[in-house]
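Now for the letters of each chain:
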Amino acid sequence: MLLMITVTNAGQNRLKESQLNELNLKVKSYSESLDYFFDATSEDVKGVAKHKTTYTFFANLASGMSMEYGLGSSLLQLRRNLVRLTKPDTTLSTSALFDRMLLVGFKSNVIADSHPRLPFDISRVPFDEMRAVDHKIDVFGKNDQMMIRVLENVYFNGELVGVVVGDINLDVIIRLLTAQEYENSNSKLDLATQQGMLPIWNTFDAEGNPIDFKQGNTLYFDQKVGKTPFRLHAWFEPVSESQIITSTWFTVGLSFLAAPVILGLYYSLRINNTNLVLTTKIEETHNQQAALTRQNERLKTEIDRRKMYEQELAYQATHDTLTRLSNRKSGDEKLRHALLQARREEMNVLVMFIDLDNFKQINDTLGHLAGDQILMQTAKRLKDSVRKTDVVARIGGDEFLLVIPNLNSEKQAQLLASKLLATFEDPFQLEASEFFVSTSIGMSIYPQDGENAEELMAHADTAMYRVKKEGRNGFSFYDSSMNTDVQRNLDIDARLRQAINQDELEMYYQPIIDLSTEQIVGAEALMRWDDEKLGFVSPEEFIPIAEKNGLIHKLGEIALHTACHQAQQWQSIQPLSIAVNFSAAQFRQKDTLMENILTALSNSGLEPSLLDIEITESLLFNHTLETVRLLEEIKQLGVYLSIDDFGTGYSALSYLQKFPFSKLKIDRSFLQEIETTPSSQELVNAIIAMAKALGLKVVAEGVETQWDKDYLQRHSCEFAQGFYYSRPLTKEAFEALLLDRAKNHTS
């Protein structure tokens, strides 16, 4: 009997110990599941804080964009990203982890909300706490229910600008844990914090009768959930005496009353039955563990996928997607880092601005795909030309930045610039064709040209534009005199706007002479500007600036309307045509240009046949099909078209054949040395012969001597203008000249 009691007690203890181990393992698995869950939600919220749409919104906001231009679009993209996280994942057939996502500013304002129609108490956001930490799981009570939020700080250029708020979907937590428990298990599980408690399940009493868990008739577990503020409180029903075998006293009584064989048989059967029940429970637990493992694996896969997505977003935020080079933001940061290191080590840093010459023309002519190919090949050539420690970044459409740390001397910079120019002497391969593209390079050196990134980049940019101005395909170091040019350009820009508004621009007129009769048959309208602060400003100086800032369209309108009105007034003295110069930039606004021509002719009453529009050769090279159509429409009005400054640009016979020109103007540079230089004479002869072959009249500019006039007459040039006849004159002086010639002619 003592042996029977001893064995029974040992069995009871073993079974209780087995149940404790099983339940302890189960509670830990609950904790691990929750830990994985909060890791996933934290990664999601962190992803929103660092998402490209969030960065773009704050970048547009910082740049001063309005809701109509850029800011509204970036805000819409930001809200779409928030809404995305509140929708179920159809690929994994899982519910959304969040009920609601918001981005709130540190000025206590809601920037974007996945559910903007629902009320939101912004005072619940712990802004003071978030100044000390970047991430927080916040728990609070609302309407007798626990609320769980994941918070993540948002930074822009190192400044704390907002907080991403994600309201956890509590149903997901409950389903995650209840999926691991079977019904009628007689257990209870709560998720608890200092702020409140979230009941998960309670299956102790199906009829709803209260259970006193403090009487010691349950097994209790308290488990911390990872690094979160949560703890799991779990209660389970212990193995009852009837389940184990029976009570000890019953066993003692039975031992006295039953034969040892019957008692042994009964013991064996009961132990076997209890072990069978326990084995079934253990197998069920193992099945639940397997299901939990599969769920955790899916969760881990999702976390890994989102981490890869975040890494790709981080890469896109710092790299140009086309060339795979660093973008402007990343290039600027790397330059700042190189300058910090250079200050510590007292070394020089070279900053190079590289711009492709005439890239826009190639891009417009051959298409964006060809332009993209050239940019990618350019990026490869630049990377292959420098060291791995050097920085190569694309900072604009066809602009690149090179940062060369540890520069030994200015000579090294010259050698590198020469090497880069030589690299671009090789043709670019585009399918079966070859194209040549040159570059303009501007350079500045730390510390002699600037102490910080802004100064060095601005000075390198200034040097690069000096190269552009002097003919492209070269390099230049920055020098302080360039600032004078930059400042003058800024002054001209500002004063030109004022001159337009205050009607300070004046039209001068230079006579055009018929060489066969030596009579004035026309005039070229020339704009002049004498500013009280800047003095006389040459058109060669202010016209290029106007083409860049867009004022050229207003200048063109003023010149056209003034010239047409003045020419119409002079018709009473004698028949006279008027020539007006048009910039290639004006043809970018084709509808406006045609409207201006029609309005000027209508308002002035001038016959279209008396208007001669002069166009430079650059328009021919950059032309589109729309440009050809526009010129044809102008020609159909009866207006004459002339090609100005012929021979200084891309002079091609094919262009002259394609466009409806009536006249060709020989540039003054060909006549400067015509008397003493046979080659200049041959060029002028060739131009006149070519014009005759195409049925074009010829106007020679820059006629300054009797010899020039006689030579042109001998070679059948129809018209001339220049100082030999008259300088450009004010309208009053030109009218006096007309009256004087008319008087002499009649006398």
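Here is what the cut-offs are and how they apply
- Residues numbered from 1 in each chain as written.
- Predicted model: local features only at pLDDT ≥ 70, side-chain atom pairs only at ≥ 80, totals over all residues.
- Heavy atoms only, no water.
- UniProt positions renumbered as here; feature names shortened; annotations may be inferred.
- Helix = DSSP H or I, 4+ residues; strand = E, 2+ residues; numbered from the N terminus.
- Buried < 20%, exposed > 50% of the residue type's maximum accessible area, 1.4 Å probe, protein only.
- Areas by Shrake-Rupley, 256 points an atom, 1.4 Å probe, with all protein chains shown as cover.
- Pairing = 2+ DSSP bridges.
- Axes fitted to C-alpha atoms, helices over the stretch in contact; angles between N-to-C directions.
- Core = buried A, V, L, I, M, F, W, Y, C linked by side-chain atoms within 4.5 Å.
- Arc of directions from axis to C-beta.
- Polar contact = N/O pair within 3.5 Å; in protein donor to acceptor, adjacent residues only side chain to side chain.
- Contact = heavy atoms within 4.5 Å.
- Left-handed = near helix turned anticlockwise from the far one by under 90°.
- Nonpolar A, V, L, I, M, F, W, Y, C, P; charged D, E, K, R; others polar.

As recorded in an unreviewed UniProt entry, the chain goes by GGDEF-domain containing protein and comes from Vibrio superstes NBRC 103154. The UniProt entry for the chain carries the following comment under Cofactor (unreviewed entry): "Mg(2+)".

A.B. asks: Where do I start with the overall build of the chain in this structure?
C.D. replies: For the chain, the count of helices and strands is 23 helices and 25 strands. Looking at the chain as a whole, 47% of its 747 residues qualify as buried. About 38900 Å² of surface is accessible on the chain, with carbon and sulfur atoms providing 52% of the total.

A.B. asks: When you look at the UniProt feature "coiled-coil region" (unreviewed entry) in the chain in this model, what are you seeing that I'm missing?
C.D. replies: Following the UniProt record, one finds the feature "coiled-coil region" (unreviewed entry) at residues 282–312. Strand forms 0% of residues 282–312 and helix 100%; the C-alpha atoms that close the span are 44 Å apart.

A.B. asks: Whenever I open this one, the sheet that holds strand E15 (residues 439–446) confuses me. Can you help?
C.D. replies: Think of a sheet as strands paired side by side through backbone hydrogen bonds, with each pair either parallel or antiparallel. A sheet is described by the order of its strands in space; here 5 strands give the open sequence E11-E12-E10-E15-E16, paired in mixed fashion. The open sheet has two free edges, formed respectively by strand E11 (391–394) and strand E16 (474–477), since each of these has just one partner strand. Neighbour-to-neighbour, the strand axes of this sheet turn through a mean angle of 20°, independent of strand direction. Sheet topology places E11 next to strand E12 (residues 399–407); 4 bridges connect them, and they run antiparallel. When the bridges of E12 are listed, Val391 appears paired with Val403.

A.B. asks: Where do I start with the nonpolar core in this structure?
C.D. replies: In globular proteins that are soluble, nonpolar side chains generally tend to be buried together. Membership of the largest hydrophobic core comes to 76 residues, with the highest contact counts inside it found for Ile578 and Leu611. With 8 residues, the top contributor of residues to this core is helix H16 (residues 552–570). Ranked by size, the runner-up nonpolar core spans 52 residues in total, among them Tyr30, Phe38, Phe57 and Val154.

A.B. asks: What's the story with helix H2 (residues 52–62) in this structure? I'm lost.
C.D. replies: A turn of α-helix holds 3.6 residues, and therefore any two residues three or four places apart point the same way. Of the positions making up H2, those classed as buried are Thr53, Thr54, Phe57, Phe58 and Asn60. Seen along its axis, H2 keeps its buried residues to an arc of 160°; they face one direction. Positioned one or two residues after H2, Gly64 has a phi angle of 85°, which is positive.

A.B. asks: In this structure, what is going on with the side chain of Thr323? I would like to understand it.
C.D. replies: By the element assignment, Thr323 lies in the loop between helix H8 (260–318) and helix H9 (328–345). On the accessibility criterion, Thr323 (10% relative accessible area) is buried. In terms of polar contacts, Thr323 uses its side chain to reach the side chain of Asp320, at 2.6 Å. Apart from the residues lying within four places of it in its own chain, the contact partners of Thr323 are Leu375, Met376, Ala379 and Arg394.

A.B. asks: Help me understand the packing of H9 against helix H13 (residues 453–469), please; the structure alone is not making it clear to me.
C.D. replies: For any two helices packed against each other, the geometry is given by the interaxial angle and the distance between the axes. Packing of H9 against H13 leaves a shortest axis separation of 10 Å and a crossing angle of 115°. Relative to H13, the crossing made by H9 is right-handed. From H9, Arg328, Asp332, Leu335, Arg336 and Leu339 reach across to H13, where they touch Ala453, Glu454, Leu456 and Met457. Classifying every residue of the contact of H9 with H13 by side-chain character gives 5 nonpolar, no polar and 4 charged.

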